[in-house]
Amino acid sequence: MTAFLNNISRYFSLMRMPSIHIEVTDVIEVIILSFLVYTVLLWIKNTRAWTLMKGIMVLCFFVALIYIFEMDTLIFLVEKGVNIAIIAAVIIFQPELRRALERIGEKDFFSGFLSGVSGDITERCSDETVREIERAALEMAAVKTGALIVLEQNETLTEYERTGITLNALVSAPLLINIFEHNTPLHDGAVLIKGDTILSATCYLPLSENKTLDKSLGTRHRAGVGISEVTDSLTVIVSEETGKISVARRGVLKKGLSQEALREQLVLWQNKSVAGRKRTDRDGLIRKVSSILKKGAGQDEEK
């Protein structure tokens, strides 16, 4: 019996499990992979890719059956068609892929690395501008004058600004009301505002393809939601049919806002640009310090 137990003990000692060493890099790798998988799944769920993904899952099911039953001819066709399918998927999902990459670039943890490459950042608008936009929206809503006002935040609207007529005018309620007045040359389209300046009018915006939106919404509301889906801008919409004020942000439309709710959204937009302003000031300070150091180095070389 003792010999038997010794043999078992010797057997288990030979089959000893290898020791597991977990490094910091292993933990970081798991976190990165989890984040990437979560981001991809979230992107698929929130875009048109979800419907196509279900079709791809059905195809994968049939491909699995092909391999299980060893259908050689179909296996050959599947293996040869994989590369073509990958290229086709990139072409089909091009708009969604571009939007997903843009959203990843907007994450706060990249701000420290890309702050110097972010381009022009919207300056914070004044309290007077907020009051003028609020006043214009309320007065146009009272007389059911349709309006579409896009407020730029940190992402530039240059692409859409070029589709309209340049104004570069100070924001004021009378000017906004006059622009959207019926039968005037500038009333059709959107007005783009950056800081305290009206950049341009009669601008064309991308229409939202979100199928969950109310079918009764017209082109003006779909354009307002559409621009909020592709940029971080805030869009103020005044309905020509009902006179109600709506606000679109990040693809979400809030309808029938009161004066207090509208002011809250405008103040939120105003404050969101503070971080961008601080980044701009910090970059300017870094450039000044760098310039001083270079001058000092040049004087030392001369000596």
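Structure shown above.
Note that the structure is a prediction, hence the values are computed from the model and not measured. (Residues numbered from 1 in each chain as written. Predicted model: local features only at pLDDT ≥ 70, side-chain atom pairs only at ≥ 80, totals over all residues. Heavy atoms only, no water.)

### Topic: the packing of aromatic side chains
To be explicit about the condition: Only the six-membered ring of Trp is used, alongside the rings of Phe and Tyr, when aromatic pairs are assigned; centres must lie within 6.5 Å, and planes under 30 degrees apart are stacked while those over 60 apart are edge-to-face, with the rest tilted. Between buried and exposed lies partly exposed: a residue is buried under 20% and exposed over 50% of the maximum accessible area for its type, with that area taken using a 1.4 Å probe on protein chains only.
If you walk through the whole model with that rule in mind, you get one aromatic pair. Consider the rings of F61 and F62, whose centres lie 5.6 Å apart with planes at 70°: the pair is edge-to-face. The class of F62 is partly exposed, set by a relative accessible area of 47%.

### Brief notes about a nonpolar patch on the surface
To keep things clear, this is the line we draw: Excluding any residue in a salt bridge, patches collect residues exceeding 30% relative accessible area, merging like charges within 9 Å and nonpolar Val, Leu, Ile, Met, Phe, Trp and Tyr side chains within 5 Å. In this description, accessible areas are obtained by the Shrake-Rupley approach with a 1.4 Å probe, and a residue is regarded as covered only by the protein chains that are shown. The rule for a salt bridge is simple: a side-chain nitrogen of Lys or Arg has to be within 4 Å of a carboxyl oxygen of Asp or Glu. Counting from the N terminus, the helices are DSSP H or I runs at least four residues long and the strands are E runs at least two residues long.
A cluster of nonpolar side chains, V24, I28, I32, L33, F35 and L36, forms an exposed patch at the surface whose accessible area comes to about 560 Å². Residue position: I32 is located in helix α2 (residues 24-46). The class for I32 is partly exposed, based on a relative accessible area of 47%.

### Focus on the pattern of salt bridges
Evaluated as defined, the whole model comprises six salt bridges. Residue R131 pairs with E128 through a salt bridge whose shortest N-O separation is 2.8 Å. Placement of the pair is R131 and E128 together in helix α7 (residues 127-142), with a separation of three residues, close to one helical turn. Look at the salt bridges and you will find they share partners, linking E132, R135 and E139 into a network.

### Describing the environment of D188
The topology assignment puts D188 in the loop between α9 (173-179) and β3 (190-194). In this structure, the C-alpha to C-alpha distance between D188 and Y204, residues 16 residues apart in sequence, is 9.2 Å.

### A closer look at the environment of F180
Within the secondary structure, F180 sits in the loop between α9 and β3. When the C-alpha positions of F180 and T145 are compared, they lie 7.0 Å apart, and in sequence the two are 35 residues distant.

### Description of the side chain of S228
For clarity, the threshold we go by: Nitrogen and oxygen atoms within 3.5 Å of one another constitute a polar contact, given that in protein one can donate a hydrogen and the other can accept it, and given that sequence-neighbouring residues count only through two side-chain atoms.
Relative to the helices and strands, S228 resides in helix α10 (residues 219-230). For S228, a relative accessible area of 0% translates into the label buried. A distance of 2.6 Å separates a polar atom in the side chain of S228 from the backbone oxygen of V225.

### A look at the sheet that holds strand β5 (residues 234-238)
The following threshold applies: In short, DSSP must find at least two bridges between two strands for them to pair. Every axis corresponds to a line fitted to the C-alpha atoms, with the helix fit spanning only the stretch in contact, and the corresponding angles, defined between N-to-C directions, vary from 0 to 180 degrees. Any pair of residues with heavy atoms lying within 4.5 Å of one another is described as a contacting pair.
What the seven strands build is an open sheet, ordered β2-β4-β3-β1-β5-β6-β7; its pairing is mixed. Each edge of the sheet is formed by a strand with only one pairing partner; in this case those strands are β2 (165-170) and β7 (252-254). Between one strand axis and the next, the sheet turns through 20° on average, direction left out of account. In this structure, β3 lies alongside strand β4 (residues 197-203), joined through four bridges in antiparallel fashion. Pairing of L192 across the sheet is with S200, part of β4. Strand contacts of α10: β1 (147-151), β5, β6 (245-249) and β7, with the helix running at about 175° to β5, the strand carrying the most contacts.

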